[in-house]
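A structural walkthrough
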Amino acid sequence: DVKVTQSSRYLVKRTGEKVFLECVQDMDHENMFWYRQDPGLGLRLIYFSYDVKMKEKGDIPEGYSVSREKKERFSLILESASTNQTSMYLCASREAGGAAPDTQYFGPGTRLTVL
Amino acid sequence: LAKTTQPISMDSYEGQEVNITCSHNNIATNDYITWYQQFPSQGPRFIIQGYKTKVTNEVASLFIPADRKSSTLSLPRVSLSDTAVYYCLVDTNTGFQKLVFGTGTRLLVSP
């Protein structure tokens, strides 16, 4: 069974702090994703990574950066947290697909509150 | 970008069939349609995926018309445990910048 774990379920930070959200997958998947989920807006893609050391901007990358030094780990970084980054953050991974995209496996999410 | 539109919420009763439609007018040739289910305090999980016509698995069916501009997720004989949020995703292996989830449909199943 694929397992995607996220470092924290709940996190409270102050405005201006640097925040690290960690995601680890145990299935040797090439692709990894970070989404944020807000009421009425669904899931929006922040950043993704095709493979180690590779990263690409998604739909809403402003205010975020990422790091992928090892294949199993994909980190989301908020350089200077702001209150509008209060949200649920979801990490996902999947195999690099063939003709059809493979299933995305999601972690349980981190609910971040920025005060 | 293939924007998707779904109903915000739906109500049903146990034992009924539920159909949730998603529109994706700008779907590209290489895109697939995938549906995910999400329970509170959990990440979404895969239900079904299709490219065209009809796909069926042990939990759902997916109907995609010839023009592929919409898709319908069909849940046969729902139970209380099917109460969840259902997301439609236009998915691709070519350019993840185009990954677009719908805003989700909150399905409430009552006894």
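Higher on the page you've got the structure.
In this report, we go over the structure that sits alongside the text. On a predicted model such as this, the values are computed, not experimentally measured, just so you know.

Concerning the overall build of chain A
Across its full length, chain A holds 0 helices and 11 strands. Put simply, chain A runs from its N terminus to its C terminus through helices and strands in the order β-β-β-β-β-β-β-β-β-β-β. Taking 2.2 N^0.38 as the reference for a compact globule, 115 residues should give roughly 13 Å; the C-alpha atoms of chain A span a radius of gyration of 13 Å, in line with that estimate. With respect to the principal axes defined by its C-alpha atoms, chain A has extents near 45 × 30 × 25 Å. Every one of the 115 residues in chain A was classed for burial, and the buried ones make up 48%. Contacts in chain A between residues at least 24 apart in sequence constitute 55% of all its contacts with a sequence separation of at least 6. Working note: accessible area of chain A is about 5,400 Å², and carbon and sulfur atoms make up 49% of it. In chain A, which carries 16 positive and 16 negative side-chain charges, the distance between the mean positions of the two groups comes to 6 Å.

Considerations on unusual backbone geometry
All names here are of chain B. In this structure, S41 takes a positive phi of about 65° despite not being glycine. Residue S41 is classed as partly exposed on the basis of its relative accessible area of 49%. In this model, R77 sits at a positive phi of 50°, which is unusual for a non-glycine residue. Relative to the elements of secondary structure, R77 occurs in the loop between strand 7 (70-75) and strand 8 (84-91).

Section: the pattern of salt bridges
All names here are of chain A. This model, assessed by the stated rule, comprises 8 salt bridges over all chains. R73 is the partner of E22 in a salt bridge, and the nearest nitrogen-oxygen pair spans 3.9 Å. Pair noted here: E22 is in strand 3 (residues 19-25) and R73 is in strand 8 (residues 73-78), with a separation of 51 residues, a long-range link. You can call E22 partly exposed: its relative accessible area is 23%.

Re the state of the cysteines
This model, assessed by the stated rule, comprises 2 disulfides over all chains. Between the sulfur atoms of C23 of chain A and its disulfide partner C91 of chain A the distance amounts to 1.9 Å. Of note, the bridge from C23 of chain A to C91 of chain A carries an S-S torsion of about -75° and is left-handed in sense. With C23 of chain A in strand 3 and C91 of chain A in strand 9 (residues 87-94), this residue pair connects regions lying 68 residues apart in the sequence. In this structure, C23 of chain A and C91 of chain A share a single accessibility class: buried. The disulfide bridge from C22 of chain B ends at C88 of chain B, spanning 2.2 Å between sulfur atoms. What sets the handedness of the C22 of chain B and C88 of chain B disulfide is the S-S torsion sign, and at about -75° it is left-handed. On the criterion of sequence distance, the pair formed by C22 of chain B in strand 2 (residues 18-23) and C88 of chain B in strand 8 is long-range, its members being 66 residues apart.

Here we look at the interface of chain A and chain B
Listed as interface residues are 28 residues of chain A and, on the opposing side, 22 residues of chain B. For the pairing of chain A and chain B, the buried interface totals around 2,000 Å² over both sides, and the portion due to carbon and sulfur atoms is 54%. D91 of chain B is paired through a salt bridge with R94 of chain A; the nearest N and O atoms lie 2.7 Å apart. Across the chain A-chain B interface, the total number found is 7 residue pairs in polar contact (both at pLDDT 80 or more). Counting only elements with at least two residues in the side of chain A that touches chain B, the list comes to strand 4 (31-38), strand 5 (42-49), strand 6 (56-57) and strand 9 of chain A. Per-class residue counts for the side of chain A that touches chain B are 13 nonpolar, 9 polar and 6 charged.

Thresholds applied
Residues numbered from 1 in each chain as written. Chains lettered and ligands numbered in written order. Predicted model: local features only at pLDDT ≥ 70, side-chain atom pairs only at ≥ 80, totals over all residues. Heavy atoms only, no water. Helix = DSSP H or I, 4+ residues; strand = E, 2+ residues; numbered from the N terminus. Rg over C-alpha atoms; globule rule 2.2 N^0.38 Å. Buried < 20%, exposed > 50% of the residue type's maximum accessible area, 1.4 Å probe, protein only. Contact = heavy atoms within 4.5 Å. Areas by Shrake-Rupley, 256 points an atom, 1.4 Å probe, with all protein chains shown as cover. Lys, Arg positive; Asp, Glu negative; His and termini not counted. Charge placed at Lys NZ, Arg CZ, Asp CG, Glu CD. Salt bridge = Lys/Arg side-chain N within 4 Å of Asp/Glu carboxyl O. Disulfide = S-S within 2.5 Å. Buried area = accessible area lost by both parts, 1.4 Å probe. Polar contact = N/O pair within 3.5 Å; in protein donor to acceptor, adjacent residues only side chain to side chain. Nonpolar A, V, L, I, M, F, W, Y, C, P; charged D, E, K, R; others polar.

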